[in-house]
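# A closer look at the structure
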Amino acid sequence: MPPRKPVRATIQPKEETKTIPLNVSPKRSKKGKSANKADGPGTWSQVGSFLSSDRLRFIIGLSLFFILIYFSIGMISYFFTGAEDQSKMELTFSELHGARKDIQNITSFGGALFAHQIIHKSFGIGAFAILLFAGILSFRLMNKRFCSLWKAFFHSAFWLVWLSVTLGFIDIYFKPQIFFLLGGEHGVYVSEWLISYIGELGLLMAIIGTLLIYSIITTAKTITFLQNLFSGKKNDAIEEETVDLNDEEDDEPSVAVGTEIVPEDWIQNKIKEEDAVHVDDNEEETPVRTAADDVAFEIEKPQNEEENKPVDTGEIHNNEENDDPFYNLEKLGKYDPTLDLSRYKFPTLDLLKVYGTDNETQIDMKEQNANKERITTTLQNYGIEIKTIKATVGPTITLYEIVPKDGVRISKIRNLEYDIMLSLAATGIRIIAPIPGKGTIGIEVPNADPQVVSMHSVIASKKFQESKFELPIAFGRTITNEIFMVDLTKMPHLLVAGATGQGKSVGLNAIITSLLYKKHPSVLKFVLIDPKKVEFNIYGDIEKHYLAKLPDGEDAIITDTTKVVETLSSLCREMDDRYDLLKKAHVRNIKEYNEKFINRQLNPEKGHKFLPYIVVIVDEFGDLIMTAGKEVELPIARIAQLARAIGIHMIIATQRPSVNIITGVIKANFPARVAFRVSSMIDSRTIIDGPGANQLVGRGDMLFTSGNELIRVQCAFVDTPEVENIVHHIGGQQSYPSAFYLPEYVGAEGEGLDMSSVDLSKRDPLFEEAARLIVSSQQGSTSNIQRKFSIGYNRAGRIVDQLEVAGIIGPNEGSKARQVLVMDEYHLEQILKQLH
């Protein structure tokens, strides 16, 4: 389409804004139409699209898989029937024509010949490594990833050559009486060649040395093993920089969630940038950047730049801890919270679906000119003359900005809303009179052919990838086609409301997806509350990565109303505990606290730990209010009032935006709100304190406000299969041993312990260790025992009961921690001796 000149030279639209002059001559419109026809898809473009499509890759991968199955069966059958078929394999092709029926191999001539050539004539038994690599390649073509192709190629190539040479040496030295060569002719030839230069002893040493080098490259444990073997005693583990070929190694030890690391266990590690652009390490290409992705749309305030500057790690504010050797930052290095899951791979862009309209917004000039004529005619019929009219085309909505002539009252145009809707035959329009910051009046009209805003286009955008927000949420695109992003930590809580089927569930999935693409499991945890039981169950597979729950909770997705009340009360206790830690550290918010902890200015032996952000998402808040009432509303209001500074943020959604659900207490503490389409103006006023939500068109069309102006956004669409792909990608990686445990919930009335029900003669094997732990830390907590010894909640509770009966800790005191009655280990040892 040829370039267009703007209507007014004084207006400089942004690069990605689709601003269209509506005074286009008929000749120019005709030329634009012919250009559109010429640019339509042709036969060659369709062929090229198919050759680069996922379907062709899947067909190739599936075909390769079946071929591998065929040849694998032929190679296995070769070991049993190869002796009988050996003589036939030496015949010429013409002589073999009559002997094909006598082949004993189960795969007949093709499989027998392939097995003979690749095993006896080539690499011997090691040839199975070729099939292993080809199998991984076939699954990769079918979008099923087990490991990287580089890793598979390296291991397959090593075992192919090493086994061939090793077994070839066995063929030469031992001469086994079998019909084929164990190492194949390749292995025998290479072995004979090496023996002629270095002898049999040299070849044996080369074989063993090569295997050791391979082991050292692939796992650092080999060095420790060799040191222990040569020294005869155990040495401390040494961290070596090795070539990182096992980028998805599964044998790393699991680390319990919330484990406190003592100073001598801290090691120096490189700091990982978790906000970097995460791209698959193989042949996937970097997504194509569109013009809309290059817009510099700044939401951050100027003081945020100061917050992003590095903190001066040389100054220690805790004077009482200045002399502790724990603070030798140069020796220990900064603490890395991602170290437990250092090989975690962020979701890749190929997990999201790419739509054909991702690149740019398609403009229908015929529709735009028709709407311009109808708006102008309607206003003229009521005596309203306009100077100029300009159209800004978005994915689903077009904004028409009009400048009326002098003397025209704005209220007169606003009162013509239904007349303009009638003339445009639109499902709903919204008049913004005037547009804040502009001397124009806006009329938002739905497009006849709305386009889908895919999550792929939003996540792949430069703005999202380079975002420095603490908790970035990418909602979708505005009318000007800009990526609309917000920082949850700045809101700090979000209310989502709208009628049934208008896009709330998709919006919540878009919020979760944005956070999963940006934040490491060590710095973010979700508490998902789903009274409908079907909205969030898809996220169950990432329980051990991202979800938080009660220690005795069976499912991390909370669906029972009783468990909801307990979880919210537990979050209040977590909030109080975090404020105590901030008070001890002399900081004001979680960001300053974590910076101090990373810079090793806070000692974990004194109760300090790295604090992840906790995002609480409540779906169908109205149902909880109906069933639990004040039991739910009060802890939510308390969290909303106080939890901002300590990193707990709430997102609540409801499809019943009435005043008895969204009460004044809730509205006062949720300044950031998202309104999807509702049925009445009363509901709209309940959500956003004004009209507008009742004039939306649905299907993800939403209004966002954070206390000032309303911003209209088309929410990004993320389908259930896309969410499943992301969840399976994360769930298939190494995880923590369990979900992130919230503090144990204790009812207000407390539960007394029946002393006669506890038999100290049947003490738990961990009883004495748990007693020493509690006395040394002076913290009588069930969750503390559970984390330290990596045991279940029920077993930890029984140990606490036994400690209470033994007189080591006091009784349950409601929400407070149990009192430790034994002050030192000397008195503890006296008690333990009496129990024996």
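In this text, all values refer to a predicted model and were calculated from it rather than measured experimentally.

Calculation criteria
Residues numbered from 1 in each chain as written. Predicted model: local features only at pLDDT ≥ 70, side-chain atom pairs only at ≥ 80, totals over all residues. Heavy atoms only, no water. Helix = DSSP H or I, 4+ residues; strand = E, 2+ residues; numbered from the N terminus. Buried < 20%, exposed > 50% of the residue type's maximum accessible area, 1.4 Å probe, protein only. Contact = heavy atoms within 4.5 Å. Areas by Shrake-Rupley, 256 points an atom, 1.4 Å probe, with all protein chains shown as cover. Phe/Tyr/Trp six-rings, centres within 6.5 Å; stacked < 30°, edge-to-face > 60°. Lys NZ or Arg CZ within 6 Å of the ring centre and 35° of its normal. Axes fitted to C-alpha atoms, helices over the stretch in contact; angles between N-to-C directions. Parallel < 35°, antiparallel > 145°, perpendicular 65-115°, else oblique. Core = buried A, V, L, I, M, F, W, Y, C linked by side-chain atoms within 4.5 Å. pLDDT = per-residue confidence, 0-100. Nonpolar A, V, L, I, M, F, W, Y, C, P; charged D, E, K, R; others polar. Pairing = 2+ DSSP bridges.

### Here we look at the overall build of the chain
For the chain, the count of helices and strands is 29 helices and 17 strands. The proportion of buried residues among the 836 residues of the chain is 50%. In the chain, once contacts between residues fewer than 6 apart in sequence are set aside, the share between residues at least 24 apart is 71%. When the accessible surface of the chain is split by element, carbon and sulfur atoms take 55% of a total near 42,000 Å².

### Notes on the packing of aromatic side chains
Across all of its chains, the model carries 30 aromatic pairs by this definition. Ring geometry for Phe79 against Phe180: centres 5.5 Å apart, planes inclined by 45°, an arrangement best described as tilted. Here Phe79, found in helix α3 (residues 54-89), pairs with Phe180, found in the loop between α7 (149-174) and α8 (184-218); they are 101 residues apart in sequence, far enough to count as distant. Taking relative accessible area as the criterion, Phe79 reaches 28% and is therefore assigned partly exposed. You can call Phe180 buried: its relative accessible area is 9%. Through pairs of rings, three or more aromatic residues link up here, namely Trp150, Phe154, Phe158, Trp159, Trp162 and Tyr214. Between Lys518 and the ring centre of Phe464, over which it is positioned, the NZ or CZ distance is 5.7 Å.

### Digging into the packing of α3 against helix α5 (residues 108-123)
Two elements in contact, α3 and α5, have axes separated by 7 Å at closest approach and are oriented at 85°. Taken together, the axes of α3 and α5 are roughly perpendicular relative to one another. Here Tyr70, Phe71, Gly74, Met75, Tyr78, Phe79, Asp85, Gln86 and Met89 of α3 lie close against α5, whose contacting residues are Gly110, Gly111, Ala112, Leu113, Phe114, Ala115, His116, Ile118, Ile119 and His120.

### Side note on the environment of Val659
One can find Val659 in the loop between β13 (648-654) and α23 (664-669). Of the residues examined, Val659 reaches a relative accessible area of 62% and is grouped as exposed. Each C-alpha atom, one on Val659 and one on Thr686, is 6.5 Å from the other, the two residues being 27 residues apart in sequence.

### Here's the deal with the nonpolar core
Among the nonpolar cores identified, the biggest contains 115 residues, and Phe475, Leu494, Phe526 and Phe704 are the most heavily contacted of them. Considering every element that reaches this core, the biggest residue donor is helix α19 (residues 561-585), with nine residues. Discounting chain neighbours no more than four positions away, the residues touching Phe475 are Phe484, Val486, Leu494, Ile511, Val674, Met702, Phe704, Val713, Gln714, Cys715 and Ala716. Within the second largest apolar cluster, 22 residues are counted, among which are Leu766, Val775, Ile791 and Val800.

### Details of the confidence of the model for the chain
Low pLDDT means the predicted atomic positions in that stretch should not be read closely. When pLDDT is averaged along the chain, the result is 78, and 77% of the positions lie at 70 or above. Taken element by element, the predicted model of the chain shows its lowest mean pLDDT in helix α10 (residues 303-307) (35) and its highest in strand β12 (residues 613-618) (95). Overall, residues 748-752 carries pLDDT values under 50, and its contacts beyond four positions in sequence, including any with other chains, amount to one contact.

### Observations concerning the packing of helix α26 (residues 767-777) against helix α28 (residues 793-805)
Following both chains from N to C, one finds α26 and α28 inclined at 75°, their axes separated by 10 Å at the closest point. The angle between α26 and α28 places the two elements in the roughly perpendicular class. Touching Phe767, Ala770, Ala771 and Ile774 of α26 are Ile799, Gln802 and Leu803, all from α28. The class makeup of the residues in the contact of α26 with α28 is six nonpolar, one polar and no charged.

### With respect to the sheet that holds strand β9 (residues 524-529)
The mixed open sheet is built from ten strands, whose spatial order is β7-β6-β16-β15-β14-β8-β13-β12-β9-β11. Strands with a single pairing partner mark the edges of an open sheet, and in this sheet they are β7 (483-487) and β11 (557-558). Pairing between β12 and β13: five bridges, direction parallel. The residue of β13 that forms the bridge with Val616 is Met650. Against the sheet, helix α21 (residues 621-628) makes contact with β9, β12 and β13, and its axis sits at roughly 90° relative to β13, the strand it touches most.

### Re the pairing of β12
Of all six residues in β12, six are buried, a share of seventy percent or more. Every second residue of β12 is oriented toward a common face, with Tyr613, Val615 and Ile617 on one face and Ile614, Val616 and Val618 on the other, all of them buried. Taken together, the six bridges between β9 and β12 define a ladder with parallel strand orientation. Considered in β12, the bridge of Leu524 is made with Tyr613.

### Quick word on the environment of Phe133
Position of Phe133 relative to the elements: it lies in helix α6 (residues 128-141). Taking the C-alpha atoms as reference points, Phe133 and Phe153, 20 residues apart in sequence, are found 6.3 Å from one another. When near neighbours in sequence (up to four residues on either side) are disregarded, Phe133 contacts Leu149, Ala152, Phe153 and Ser156.

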